[in-house]
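# Examining the three-dimensional arrangement
Residues per chain, in single letters:
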Amino acid sequence: MQISDDILQKIDEMPEDERVIFLSELEEYGKSLQREQSQTDFMKFVHTMWPGFVDGRHHKVMAKKFQEIAEGKCKRLIINMPPRHTKSEFASYMLPAWFLGRFPGKKIIQCSNTAELAVGFGRKVRNLVDSEQYAGMFPNVNLRQDSKAAGRWATSGNGEYFAIGVGGTVTGKGADLLIIDDPHSEQEAKLASTNPEVFDNVYEWYTSGPRQRLQPGGAIILVMTRWSKRDLTGRILQSAIEKDGNDDWEVIDFPAILPSGNALWPQFWSIQELEALRSELPISKWNA
């Protein structure tokens, strides 16, 4: 919140006791304004909870789409992007916390390529929701005392968070928001080069497991590094084409080096570093 020079001068001219009261009320107003903005604006929430975060253009695009997810304007979203560009911090850490802050009674299922990784995300989100800083943003949201396990916890508003690895079961769980973060590991991608069924198994798990747990009106976010035309992104889009566009997926692709030759996130990855990385990696891994 910025204050004009004229107002600052008038504050300086106040009697000391009035100035102390006014500045205290002004500080409280600033906190209230920041709280209201963070509750409704995902990017403001990120900057509030993560003060040292350096955002790039791709983060703003992601934030806009996450905003549309929360507002019910987007139901199916795929974001393909390279490693180490903050996709997990955004989609699997900040987003679930913000979403449950806005909708304490909603249900989230979080998936990743291993149960350990998915539960790790659950622990981070749970700890954030249980923090004093978060309580300052969403004072009416807290954890239910009898449900605080890292990968399976609930809010006092009967919202639920459930973490699962690829291949795990989700029987009895529902999702208003289904987040799938990097369902394939690099090791699986290597195996799939000679055994494509590795990718097929993931798609079979998706269609028979978490996809069937989506609540009416629920949304799906798939954020991942691409590995093959048969990976989960490829199979989902192929299925949509075969069904004449049913499910209507929105797809965003973020290459590390843009077609213009510029870095996607120059504030963190310089073009020189990316070019050096490209020269070191096998072509198949760089393409991923």
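Now for a look at the structure at hand. (Residues numbered from 1 in each chain as written. Predicted model: local features only at pLDDT ≥ 70, side-chain atom pairs only at ≥ 80, totals over all residues. Heavy atoms only, no water.)

### Looking at the environment of proline 104
- Here proline 104 is to be found in the loop between α5 (87–102) and β2 (107–112).
- For the pair formed by proline 104 and valine 141, sequence separation is 37 residues and the distance between their alpha carbons is 6.5 Å.
- For proline 104, the contacting residues outside a window of four places in its chain are Val141, Thr155, Gly157, Asn158 and Gly159. (Helix = DSSP H or I, 4+ residues; strand = E, 2+ residues; numbered from the N terminus. Contact = heavy atoms within 4.5 Å.)

### Details of the packing of helix α3 (residues 42–49) against α5
- For the pair α3 and α5, the least separation of the axes is 10 Å and the interaxial angle reads 100 degrees. Looking at the two axes, α3 sits roughly perpendicular to α5. Contacts between α3 and α5 involve Phe42, Met43, Phe45, Val46 and Met49 on the former and, on the latter, Phe90, Met94, Leu95, Ala97 and Trp98.
- Here the residues of the contact of α3 with α5 sort into ten nonpolar, no polar and no charged. (Axes fitted to C-alpha atoms, helices over the stretch in contact; angles between N-to-C directions. Parallel < 35°, antiparallel > 145°, perpendicular 65-115°, else oblique. Nonpolar A, V, L, I, M, F, W, Y, C, P; charged D, E, K, R; others polar.)

### Thoughts on the packing of aromatic side chains
- A full pass over the atoms with the stated rule returns 13 aromatic pairs.
- For the ring pair phenylalanine 42 and tryptophan 98, a centre distance of 5.4 Å and an interplane angle of 65 degrees mean the geometry is edge-to-face. Placement of the pair is phenylalanine 42 in helix α3 and tryptophan 98 in helix α5, with a sequence separation of 56 residues.
- The exposure class of phenylalanine 42 is buried, given its relative accessible area of 0%.
- Take tryptophan 98: its relative accessible area is 0%, and that puts it in the buried class.
- With 5.2 Å between their ring centres and 40 degrees between their planes, tyrosine 134 and phenylalanine 138 make a pair best called tilted.
- Residue classification places tyrosine 134 among the buried positions, given a relative accessible area of 0%.
- One aromatic cluster is present, formed by Phe42, Trp50, Phe53, Phe66, Phe90 and Trp98 through successive ring pairs.
- Sitting above the plane of the phenylalanine 103 ring, lysine 106 keeps its charged end 5.8 Å from the centroid.
- Above the face of the tyrosine 93 ring, lysine 124 is positioned so that its terminal group lies 4.3 Å from the ring centre. (Phe/Tyr/Trp six-rings, centres within 6.5 Å; stacked < 30°, edge-to-face > 60°. Buried < 20%, exposed > 50% of the residue type's maximum accessible area, 1.4 Å probe, protein only. Lys NZ or Arg CZ within 6 Å of the ring centre and 35° of its normal.)

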